[in-house]
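# Structural characterization, general
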Amino acid sequence: MNDLRAGQPRWMNELMIIPIERVSIEQGLNHLGFWVQGQKEPVAVIVRNPQGVRAFDTEAQQLSVEKLILKVEGLAEVLAQEPKQEHEK
């Protein structure tokens, strides 16, 4: 498996930051037994605020948000989330 996915969104008031990460999982069987190896690698970050949505790679180069939405399953739904409100006591 070698998939792109949206990480856990982080909110700071009206600013949303979404990490985009590549997750790789390999497994196999050899003379010693069964093995599994996993790796998570940062690929990009998406920043959403009232002025719009922008995406940047790990070298701070701007990326196409539309292309990332097509590549990353569920990203459109994450971008549609509203800021979490604190409950009053």
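Residues numbered from 1 in each chain as written. Predicted model: local features only at pLDDT ≥ 70, side-chain atom pairs only at ≥ 80, totals over all residues. Heavy atoms only, no water.

## Brief notes about the pairing of strand β3 (residues 15–30)
Taken together, the three bridges between strand β2 (residues 10–12) and β3 define a ladder with antiparallel strand orientation. Across the sheet, the residue bridging to Met12 is Leu15, located in β3. Between β2 and β3, which pair antiparallel and follow one another directly, the connecting turn spans two residues, one of which, Asn13, has a positive phi of 60°. In this sheet, strand β4 (residues 33–49) lies alongside β3 in antiparallel orientation, the contact comprising 15 bridges. Within β4, the residue paired with Ile20 across the bridge is Ala44. Connecting the antiparallel pair β3 and β4 is a turn made up of two residues. (Pairing = 2+ DSSP bridges. Helix = DSSP H or I, 4+ residues; strand = E, 2+ residues; numbered from the N terminus.)

## Overview of the pattern of salt bridges
Summed over all chains, the structure comprises two salt bridges. Here Glu21 ties to Arg5 by a salt bridge, and the two come within 2.8 Å at their closest N and O atoms. Residue Glu21 is located in strand β3, and its partner Arg5 is located in strand β1 (residues 2–6); the two are separated by 16 residues in the primary sequence. The residue Glu41 makes a salt bridge to Arg22 at a minimum N-O spacing of 4.0 Å. Of this pair, Glu41 sits in strand β4 while Arg22 is found in strand β3, placing the two residues 19 residues apart along the sequence. A relative accessible area of 29% places Arg22 in the partly exposed class. (Salt bridge = Lys/Arg side-chain N within 4 Å of Asp/Glu carboxyl O. Buried < 20%, exposed > 50% of the residue type's maximum accessible area, 1.4 Å probe, protein only.)

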